[in-house]
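Chain by chain, the residues run as shown.
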Amino acid sequence: MSDTITILAAKLAEDTMKVMDETGQDRFYVEVGDVLGAASQSLEEAFLTEIRVRLAERKARQFLINRLSDHRSKVKAIEKQ
């Protein structure tokens, strides 16, 4: 895959995630992908990969935050005893 496609897909994914965050439309990327698919299947595939990676990272990061928060709550509860 060319560097141009990778760079464009990454930037478009970043911008799409910002729109999703602001509007609350968590499936907006599907619509963007459809628009891309009509013009460039290569860019569509790269974009969807970038989106999936970002969504997966968010999910994993939230898991880490929750796990650490739970741990700290348990530690504080033990310390209060």
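Remember, it's a predicted structure, so these values are computed and weren't measured experimentally. (Residues numbered from 1 in each chain as written. Predicted model: local features only at pLDDT ≥ 70, side-chain atom pairs only at ≥ 80, totals over all residues. Heavy atoms only, no water.)

K.L.:
Is there a simple way to explain the overall build of the chain in this structure?
P.N.:
Check the secondary structure of the chain and you find three helices and zero strands. Counting helices and strands in the order they occur from the N terminus, the chain gives α-α-α. For the chain, the C-alpha radius of gyration of 18 Å lies well beyond 12 Å, the compact-globule estimate for 81 residues. Over its C-alpha atoms, taken along the principal directions, the chain stretches across nearly 65 × 25 × 15 Å. By the burial criterion, 20% of the 81 residues in the chain qualify as buried. A fraction of 61% describes how many contacts in the chain between residues 6 or more apart in sequence connect residues 24 or more apart. As displayed, the chain offers around 6300 Å² of accessible surface, 56% of which is attributable to carbon and sulfur atoms. Counting 13 positive and 14 negative side-chain charges, the chain places the averaged centre of each group 11 Å from the other. (Helix = DSSP H or I, 4+ residues; strand = E, 2+ residues; numbered from the N terminus. Rg over C-alpha atoms; globule rule 2.2 N^0.38 Å. Buried < 20%, exposed > 50% of the residue type's maximum accessible area, 1.4 Å probe, protein only. Contact = heavy atoms within 4.5 Å. Areas by Shrake-Rupley, 256 points an atom, 1.4 Å probe, with all protein chains shown as cover. Lys, Arg positive; Asp, Glu negative; His and termini not counted. Charge placed at Lys NZ, Arg CZ, Asp CG, Glu CD.)

K.L.:
Can you walk me through helix 1 (residues 3-23) in this structure?
P.N.:
Residues spaced three or four apart along an α-helix face the same direction, because each turn holds 3.6 residues. For helix 1, built from 21 residues, the straight-helix expectation of 30 Å at 1.5 Å per residue is met to within 8% by its first-to-last C-alpha distance of 30 Å. Where helix 1 is concerned, the buried positions are A9, A10, A13, T16, M17 and M20. All buried residues of helix 1 project into a common sector of 135° when viewed along the axis, lining one side. Set apart from the buried face of helix 1 by more than 90 degrees, the exposed residues are D3, T4, I7, K18 and E22. (Expected span 1.5 Å × (residues − 1). Arc of directions from axis to C-beta.)

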